[in-house]
Amino acid sequence: GSMALSGSDLMNTCEALGLSQVVEFQPRVPRAQSLDAMMSATGLLLLQPGHAVAVPAKLYEYLAAGRPILAIAEGETAAIVRTSGAGVVAASDDEAAIVDALEQVVRMGRQPFSPAPREFFDGTARAAEIGAILTEVVGAPRRPVPVTAANSAHERQPLARVDQPR
């Protein structure tokens, strides 16, 4: 993805912090290659500070990759990472928590890791779950009634309008 961060030069910042030996900047790659890299990584970094409600699509790719996630995030994104057990969350303004979270994710990535349950990222499973809930609430789908002379539209009573008193 993009390495652009408004007002920052990430390459120079990494160099100034002495991180040139551990941080590598790569050009964009095809999606399949990106997914392969995610699945073979020790851990995955998700930056989503300042967005309490928005959940980036990248989170669902990370959950599907089955690798530990370090989420520097808050709100819904942080809640999904915590609830799924897929990684560790740290606030963007807490340097000590970020260092601790990074150490935890590296340890998690070096041991057998249980990925998040499919219901956290599988859209088909979520759609089936929502369908089951709707069926329970509304009831089983009704079969259409065949139109006959006795029940045709012109012989039925008109439906009352919502804004008309009954």
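Placed above this text is the structure.
Values in this document were obtained by computation on a predicted structure and should not be read as measured data.

Undergrad: Pulling in residues and values, what's your account of the overall build of the protein?
TA: The helix and strand inventory of the protein stands at six helices and three strands. The buried share of the protein, reckoned over its 166 residues, is 23%. Once local pairs closer than 6 in sequence are excluded, the contacts in the protein between residues at least 24 apart make up 45%. Accessible surface for the protein amounts to roughly 12,400 Å². Of this, 57% is attributable to carbon and sulfur atoms.

Undergrad: Hey, could you go over the packing of helix 2 (residues 31-40) against helix 3 (residues 57-65) for me, with residue numbers and the actual values?
TA: The contact between helix 2 and helix 3 brings their axes to 9 Å, and the two run at 55°. Taken as axis vectors, helix 2 and helix 3 run oblique relative to one another. Considering the relative orientation of helix 2 and helix 3, their crossing is right-handed. Note on element contacts: helix 3 touches helix 2 through Lys58, Glu61, Tyr62 and Ala65, opposite Arg31, Leu35, Met38 and Met39.

Undergrad: With reference to specific residues and values, describe the packing of helix 3 against helix 4 (residues 75-84).
TA: Running from N to C, helix 3 and helix 4 cross one another at 15°; their axes reach a closest spacing of 11 Å. Of the possible angle classes, the one that applies to helix 3 and helix 4 is roughly parallel. Handedness of the crossing formed by helix 3 with helix 4: right-handed. Across the interface between the two elements, Leu59, Tyr60 and Leu63 from helix 3 touch Thr77, Ile80, Val81 and Ser84 from helix 4. Grouping the amino acids of the contact of helix 3 with helix 4 by side-chain chemistry returns five nonpolar, two polar and no charged.

Undergrad: Provide a residue-level description of the nonpolar core, including the pertinent values.
TA: Judged by nonpolar contacts, the single largest core of 18 residues is most densely connected at Leu44, Leu59, Tyr62, Leu63, Ile69, Ala71 and Val81. Contributing elements (two or more residues each) for this core: strand 1 (44-48), helix 3, strand 2 (69-73) and helix 4. When sequence neighbours within four positions are dropped, the list of residues in contact with isoleucine 69 reads Leu44, Leu46, Leu59, Tyr62, Leu63, Val81, Ala86, Gly87, Val88 and Val105. In this structure, Leu70, Val88, Ala90 and Ala101 belong to the second largest nonpolar core, which totals eight residues.

Undergrad: Please set out the pattern of salt bridges residue by residue, giving values where relevant.
TA: One pass over the structure, following the stated rule, counts two salt bridges. Residue arginine 31 is joined to glutamate 61 by a salt bridge in which the shortest nitrogen-to-oxygen separation is 2.5 Å. Linking arginine 31 in helix 2 with glutamate 61 in helix 3, this pair joins segments that are 30 residues apart in sequence. The closest approach of N and O atoms between glutamate 61 and lysine 58, which form a salt bridge, is 2.9 Å. Taken together, the residues glutamate 61 and lysine 58, both in helix 3 and three residues apart, mark about one turn of the helix. Among the ionic contacts, a cluster of salt bridges with common partners joins Arg31, Lys58 and Glu61.

Undergrad: Can you tell me about the side chain of threonine 77, naming the residues and giving the values?
TA: Along the chain, threonine 77 turns up in helix 4. For threonine 77, a relative accessible area of 0% corresponds to the buried category. Those residues in contact with threonine 77 that lie beyond four places of it in its chain are Leu46, Gln48, Ala54, Val55, Pro56 and Leu59.

Undergrad: Can you break down the pairing of strand 2 residue by residue, with the values?
TA: Buried residues dominate strand 2, accounting for five of its five residues. Alternating positions in strand 2 separate into two faces, Ile69, Ala71 and Ala73 on one and Leu70 and Ile72 on the other, with burial throughout. Across five bridges, the pairing between strand 1 and strand 2 is parallel. Bridge assignment links leucine 46 to a residue of strand 2, and that residue is alanine 71. Read from strand 1 through helix 3 to strand 2, the crossover connection turns out right-handed.

Quick notes on the rules
- Residues numbered from 1 in each chain as written.
- Predicted model: local features only at pLDDT ≥ 70, side-chain atom pairs only at ≥ 80, totals over all residues.
- Heavy atoms only, no water.
- Helix = DSSP H or I, 4+ residues; strand = E, 2+ residues; numbered from the N terminus.
- Buried < 20%, exposed > 50% of the residue type's maximum accessible area, 1.4 Å probe, protein only.
- Contact = heavy atoms within 4.5 Å.
- Areas by Shrake-Rupley, 256 points an atom, 1.4 Å probe, with all protein chains shown as cover.
- Axes fitted to C-alpha atoms, helices over the stretch in contact; angles between N-to-C directions.
- Parallel < 35°, antiparallel > 145°, perpendicular 65-115°, else oblique.
- Left-handed = near helix turned anticlockwise from the far one by under 90°.
- Nonpolar A, V, L, I, M, F, W, Y, C, P; charged D, E, K, R; others polar.
- Core = buried A, V, L, I, M, F, W, Y, C linked by side-chain atoms within 4.5 Å.
- Salt bridge = Lys/Arg side-chain N within 4 Å of Asp/Glu carboxyl O.
- Pairing = 2+ DSSP bridges.
- Right-handed = clockwise from strand over helix to strand, strands pointing away.

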